[in-house]
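Topology and contacts: notes
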Amino acid sequence: MSISENIFRIMSERHISQKEFSQLIGVPESTISDWKRKGKTPNADKIMDICKALDTNPYEILEQDDNTVDTISVDLESDVGQLVLEYNSMNQNQRDRLKGYIDSLLM
């Protein structure tokens with residue numbers, strides 16, 4: 001989905017009209033109509049206003065089929081969290097070696 005498609009999908013899910021949405025983010029209804037009819041993309045400076053109005057985050061707005069965003073949360077005090085911290089402190093050669101070791105363990 002495009003950015004404008006994501007916006008209108010979320011608006012529909014939240015039962016927010018174009019008129020209400022335009023008032024919430026401070027842009028003319030005609031601009032929102034252009035986003036829908038012409039597939040135009042909102043200016044970057046409006047993304048946070050859009051997120052606030054739709055009670056969502058930028059990832060849900062900006063996510064596109066060809067460039068999905070996957071995230072996970074990890075407790076940094078856990079074993080997995082400690083591994084992530086240690087991995088992030090490694091140089092590329094160390095990371096490559098670790099990946100090779102993990103691959104061999106999984107065989």
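This text follows the structure it describes.
Residue positions are counted from 1 within each chain, in the order its sequence is given. At least 70 in pLDDT is required for a residue's local features to be given in this predicted model, at least 80 for side-chain atom pairs to be given and counted, and no such filter applies to totals for whole chains, interfaces and linings, which use all residues. Side-chain descriptors were evaluated using all non-hydrogen atoms of the structure, hydrogens and water having been removed beforehand.

**So, unusual backbone geometry**
The phi torsion at H15 lies on the positive side, around 55°, for a residue other than glycine. Runs of H or I in DSSP of at least four residues are treated as helices and runs of E of at least two as strands, each being numbered from the N terminus. Positionally, H15 belongs in the loop between α1 (3-14) and α2 (18-25). Backbone geometry places D55, a non-glycine residue, at a positive phi of 50°. Relative to the elements of secondary structure, D55 occurs in the loop between α4 (47-54) and α5 (58-62). Relative accessible area serves as the criterion here: at 64%, D55 is assigned to the exposed category. Residue burial is assigned from relative accessible area. The probe radius is 1.4 Å, only protein chains are included, and a residue is buried under 20% of its type maximum, exposed over 50%, and partly exposed in between.

**Focus on the packing of α2 against α4**
To characterise two packed helices, one gives the angle between the axes of the helices and the distance between these axes. Two elements in contact, α2 and α4, have axes whose closest approach is 9 Å; the angle formed by their N-to-C orientations is 125°. As the angle between them shows, α2 and α4 are arranged oblique. Taken as a pair, α2 and α4 cross one another with a handedness that is right-handed. Contacts between α2 and α4 involve F21, L24 and I25 from the former and D49, I50, A53 and L54 from the latter. Here the contact of α2 with α4 is built from residues that sort into six nonpolar, no polar and one charged. Lines fitted to the C-alpha atoms define the axes, with helices restricted to the stretch that makes contact. Angles between their N-to-C directions range from 0 to 180 degrees. Roughly parallel means an angle under 35 degrees; roughly antiparallel, over 145; roughly perpendicular, 65 to 115; everything else is oblique. Left-handed is the label given to a crossing in which the near helix is rotated counterclockwise from the far helix by less than a right angle, and right-handed is the label when the rotation is clockwise. Contact between two residues is taken to exist if any of their heavy atoms lie within 4.5 Å; hydrogens are not considered. Under the convention adopted here, Pro, Cys and the residues Ala, Val, Leu, Ile, Met, Phe, Trp and Tyr are nonpolar, Asp, Glu, Lys and Arg are charged, and Gly plus all remaining residues are polar.

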